[in-house]
Amino acid sequence: MAEVTWRSHGRARRSTRTLRVRASAVVVALIVLAVLLVPPLAQLDQQAVDLSAKLQAPSWAHPFGTDDVGRDLLLRCVYGLRVSLLVGLVAALVATVIGTAVGAAAGALGGWTDRVVMRAVDTLSSIPHLLLGIFIVAMFRPGVWPVVVSVAVTHWLSTARIVRAEVLSLRGRPFVDAAVSGGASRWRVAVRHLVPGVLPQAGLAAVLMVPHAMWHESALSFLGLGLPSHQASLGNLVQTARGSLLAGDRWPTLFPGLLLIIPTLAIAGLAGAWRDRRSPRRRSELTL
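Quantities reported herein were computed from a predicted structural model and do not represent experimental measurements.

Can you break down the side chain of Ser-24 residue by residue, with the values?
As for its position among the elements, Ser-24 is in helix α1 (residues 2-41). Excluding residues within four positions of it along the chain, Ser-24 makes contact with Leu-265, Ala-266, Gly-269 and Leu-270.

Give me the pattern of salt bridges: which residues, what numbers.
Following the criterion strictly, the structure yields 3 salt bridges and no others. Among the salt bridges present, the one from Asp-114 reaches Arg-164, with a minimum N-O distance of 2.7 Å. Here Asp-114 is found in helix α3 (residues 111-125), whereas its partner Arg-164 is found in helix α6 (residues 157-171), with 50 residues between them in sequence. Given the relative accessible area of 11%, Asp-114 is considered buried. With its nearest N and O atoms 2.8 Å apart, the salt bridge here joins Arg-161 to Asp-122. Residue Arg-161 is located in helix α6, and its partner Asp-122 is located in helix α3; the two are separated by 39 residues in the primary sequence. Its relative accessible area of 35% is what places Arg-161 among the partly exposed residues. Overall, the relative accessible area of 30% leaves Asp-122 in the partly exposed class. Ionic contacts of the salt-bridge type, sharing partners, join the residues Arg-119, Asp-122 and Arg-161 into one network.

So what about the environment of Ile-162? Which residues, and what values?
Along the chain, Ile-162 falls in helix α6. When the C-alpha positions of Ile-162 and Val-198 are compared, they lie 8.8 Å apart, and in sequence the two are 36 residues distant. Among residues more than four places away in sequence, those in contact with Ile-162 are Gln-201 and Ala-205.

Parameters and conventions
Residue positions are given per chain, counted from 1 along the sequence in the order it is written. At least 70 in pLDDT is required for a residue's local features to be given in this predicted model, at least 80 for side-chain atom pairs to be given and counted, and no such filter applies to totals for whole chains, interfaces and linings, which use all residues. Heavy atoms from the whole structure form the basis of all side-chain values; hydrogens and water molecules are not counted. Helix and strand labels come from DSSP, where a helix needs a run of H or I of at least four residues and a strand needs a run of E of at least two; each type is numbered from the N terminus. In this analysis, two residues are considered to be in contact whenever any of their non-hydrogen atoms come within 4.5 Å of each other. Think of a salt bridge as a Lys or Arg side-chain nitrogen and an Asp or Glu carboxyl oxygen that are within 4 Å of each other. Burial classes: relative accessible area under 20% of the type maximum marks a residue as buried, over 50% as exposed, and values in between as partly exposed (1.4 Å probe, protein chains only).

Below you can see the structure in the form of structure tokens.
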């Protein structure tokens, strides 16, 4: 009886996990379609001002309502999500490349190189990301690329640690010992065996970094240090809606905030499924 209950519980957990993964995939697909198709197909100007329609509640004409100058919030949220997602993707890619290169070099070379590199990583990690990001963007004019540089420079550290740990694990594998015994140089071992072995972990770190980078960009834009105020981004939309929130109008803040939270949960769900698929033993343990 206990075994039947145990198996039924495991099946319920598997079905719940499958449903969560499918829901995450649908959400991500809808987000991608929205940011790719809505701006080219929409014949409306997201900057169009209509003071006679300001701060209208959500309706059929304006599903997300309007802001304090009568602009359609749905269209502006789609444009803002497009910009924030672009910044997150580019920044995550750059940060992953930097972190993979640094972590692989530290793990493969070892010795004093490993010690110096990891102490530098520890030192940079002790500085709050947001403060370091503010310092970086303050040296440039507001724009997309300063934000991308800021996010990339402050987010490669965790990837470097992950890649280094994976490289150190791979260095003790029999196939690496066989390659070294066969006369392979350290460079050849790193390029042919170590780096390909850490790419799945680096890819997973990159995927998880995208929503983190989106939140970082939104925080900088909310503080007035990210994208220009006239350019739609989720952080700018939340910053602009502060006055409306104090006046009791919640939708100008609610919908941009949801468009930050929902993609984060969806991407995390897909990344968790990817991690479980790559680790069958861990997945079976979670099922028990």
